[in-house]
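Below, each chain spelled out in residue letters.
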Amino acid sequence: MKRSDFPMLGYGVGLRRQHYGHVLEARPKVDWFEVVSENFMVAGGRAIEVLEGVRANYPIAMHGVSMSIGSTDPLNREYLLQLSDLARRFQPAWISDHLCWTGVGGHNLHDLLPLPYTEEAIGHVAARIRQVQETLERPILIENVSSYMAFADSTMNEWEFISAIADEADCGILLDINNIYVSAFNHRFDANEYIDALPAERVVQYHLAGHSDHGTHLLDTHDHPVRDEVWALYERAARRFGAVSALVEWDDHIPEFAELAAIADRAREIFDANAAERTAKPALSADHRA
Ligand SMILES: [Fe+2]
């Protein structure tokens, strides 16, 4: 799988309940929406009507929170079939979920929990992603989660882990820029090194979000504007990876839609400025040669 297997959707916003009416009625100028798959795994009613209305006007991607791809519990076949049905009906550009586990022994812990970065975990998760991709009949994207603790058993860093899984499973990466920043601060690693080390052709989408600063650690709360340090990291990613679909995530204390759309516009501006710089450089060196 490579990025060009997927469309470049542009700069979008995560669809949230508070904005359903506005999105349907005003059709705001935004390139695309990401929808949380589980919110629409229902037989009918308002949620499905909303999704039909949104889909009629915008491309969408489906983003899930329940796959628990890292767990040792068997994959939830019923969940995957429902996901597959939803995708067949609404034709998302892609389906994504998190590189994490959310429960074990049949218990759901309602959190996106990190994995030990080991060869054993790579083999385990990659095999499960392949199973999911067979069921869904398409490659999926896996997202890096933020974390607040690390396993003593880990034998590699996070970017080596996610790169190896994506390679072995032949899946894409949904790169959450804020999560890299949060985890880099919490675990004292270099966020730039993370961006520089990833396999560029597998990065299909970004998440941009805000976090909260608790002094000793950062929390991935999705309730603040995107911080300058995260924009700087996004700019580095934009320079390295080129055109990648970007998406604004905001889950708590959700502002007016216009504020989210403005973040998406800023992501576009930063990418365009860097793309212009890239194309300007060869012209300049040609002048010097002359
Ligand atoms: Fe995210």
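No experiment lies behind these values; they were computed from the predicted model shown. (Residues numbered from 1 in each chain as written. Predicted model: local features only at pLDDT ≥ 70, side-chain atom pairs only at ≥ 80, totals over all residues. Heavy atoms only, no water.)

Undergrad: Could you give me a rundown of the overall build of the chain, with the residues and numbers involved?
TA: If you tally the helices and strands in the chain, you get nine helices and twelve strands. The C-alpha radius of gyration computed for the chain amounts to 19 Å, which stays within 12% of the reference 19 Å derived for 290 residues, consistent with globular compactness. Along the first, second and third principal axes, the C-alpha set of the chain runs to 65 × 50 × 40 Å. Here the chain holds 290 residues, and 52% of them are scored as buried. When contacts within the chain are restricted to residue pairs at least 6 apart in sequence, those whose partners lie at least 24 apart make up 79%. For the chain, the accessible area works out to roughly 13,200 Å², and carbon and sulfur atoms hold 51% of it. With 25 positive and 44 negative side-chain charges, the chain shows a spacing of 6 Å between the two charge centroids. (Helix = DSSP H or I, 4+ residues; strand = E, 2+ residues; numbered from the N terminus. Rg over C-alpha atoms; globule rule 2.2 N^0.38 Å. Buried < 20%, exposed > 50% of the residue type's maximum accessible area, 1.4 Å probe, protein only. Contact = heavy atoms within 4.5 Å. Areas by Shrake-Rupley, 256 points an atom, 1.4 Å probe, with all protein chains shown as cover. Lys, Arg positive; Asp, Glu negative; His and termini not counted. Charge placed at Lys NZ, Arg CZ, Asp CG, Glu CD.)

Undergrad: Tell me about the environment of Asn 39, residues and numbers included.
TA: Looking at the element boundaries, Asn 39 is found in the loop between strand S2 (33-36) and helix H2 (46-57). Looking at Asn 39, the relative accessible area reads 31%, which means it is partly exposed. A sequence separation of 19 residues divides Asn 39 from Tyr 20, and the C-alpha atoms of the two residues are 13 Å apart. Residues contacting Asn 39, with those up to four places away along its chain left out, are Arg 17 and Ala 47.

Undergrad: Could you give me a rundown of unusual backbone geometry, with the residues and numbers involved?
TA: Non-glycine residue Glu 137 carries a positive phi angle of around 55°. Assignment of secondary structure puts Glu 137 in the loop between helix H4 (119-136) and strand S7 (141-143). By relative accessible area, which is 68% here, Glu 137 ends up exposed. Although it is not a glycine, His 253 adopts a positive phi angle of roughly 45°. Take His 253: it is sitting in the loop between strand S12 (245-248) and helix H9 (257-289). Taking relative accessible area as the criterion, His 253 reaches 63% and is therefore assigned exposed.

Undergrad: So what about the state of the cysteines? Which residues, and what values?
TA: Scanning all chains against the criterion turns up zero disulfides. Residue Cys 100 stays outside any disulfide, its sulfur separated by 13 Å from that of Cys 171, the closest cysteine. Its relative accessible area of 0% is what places Cys 171 among the buried residues. (Disulfide = S-S within 2.5 Å.)

Undergrad: I'd like a description of the sheet that holds S12, backed by residues and values.
TA: Within a sheet, neighbouring strands are paired by backbone hydrogen bonds and run either parallel or antiparallel to one another. Strand order in this closed barrel of eight strands is S1-S2-S3-S4-S7-S8-S9-S12, and the pairing throughout is parallel. Between one strand and the next, the sheet's axes are offset by a mean angle of 30°, whatever the strand orientation. Of the strands in this sheet, strand S1 (11-14), strand S8 (172-176) and strand S9 (203-208) touch helix H8 (residues 228-241), which is tilted by about 165° from S9. (Pairing = 2+ DSSP bridges. Axes fitted to C-alpha atoms, helices over the stretch in contact; angles between N-to-C directions.)

Undergrad: Now, about the environment of Leu 99: what can you tell me, with residues and values included?
TA: For Leu 99, the position within the fold is in the loop between strand S4 (95-98) and strand S5 (101-104). C-alpha separation for the pair Leu 99 and Met 156, spaced 57 residues apart in sequence, amounts to 16 Å. Leave out the neighbours within four places in its chain, and Leu 99 touches Ile 69, Leu 115, Val 125, Ile 142, Glu 143, Val 145, Phe 161, Ile 162 and Ile 165.

Undergrad: Describe the coordination of the iron ion, with residues and values.
TA: Within the protein, the atoms that donate to the iron ion are Glu 143 (OE), Asp 176 (OD), His 207 (ND1) and Glu 249 (OE), at distances of 2.0 to 2.4 Å. Metal-centred angles of 84 to 173° between the four donor atoms at the iron ion mark the site as irregular. For the iron ion, all donor residues lie on one chain, and their spacing in sequence is E-x32-D-x30-H-x41-E. One end of the pair, Glu 143, is in strand S7; the other, Glu 249, is in the loop between S12 and H9, and 106 residues separate them in sequence. For Glu 143, a relative accessible area of 2% corresponds to the buried category. What makes Glu 249 buried here is its relative accessible area of 5%. (Donors = N, O, S within 2.8 Å, 3.2 Å for Na, K, Ca; no water. Tetrahedral: all angles 85-135°; square planar, octahedral: opposite > 155°, others 65-115°.)

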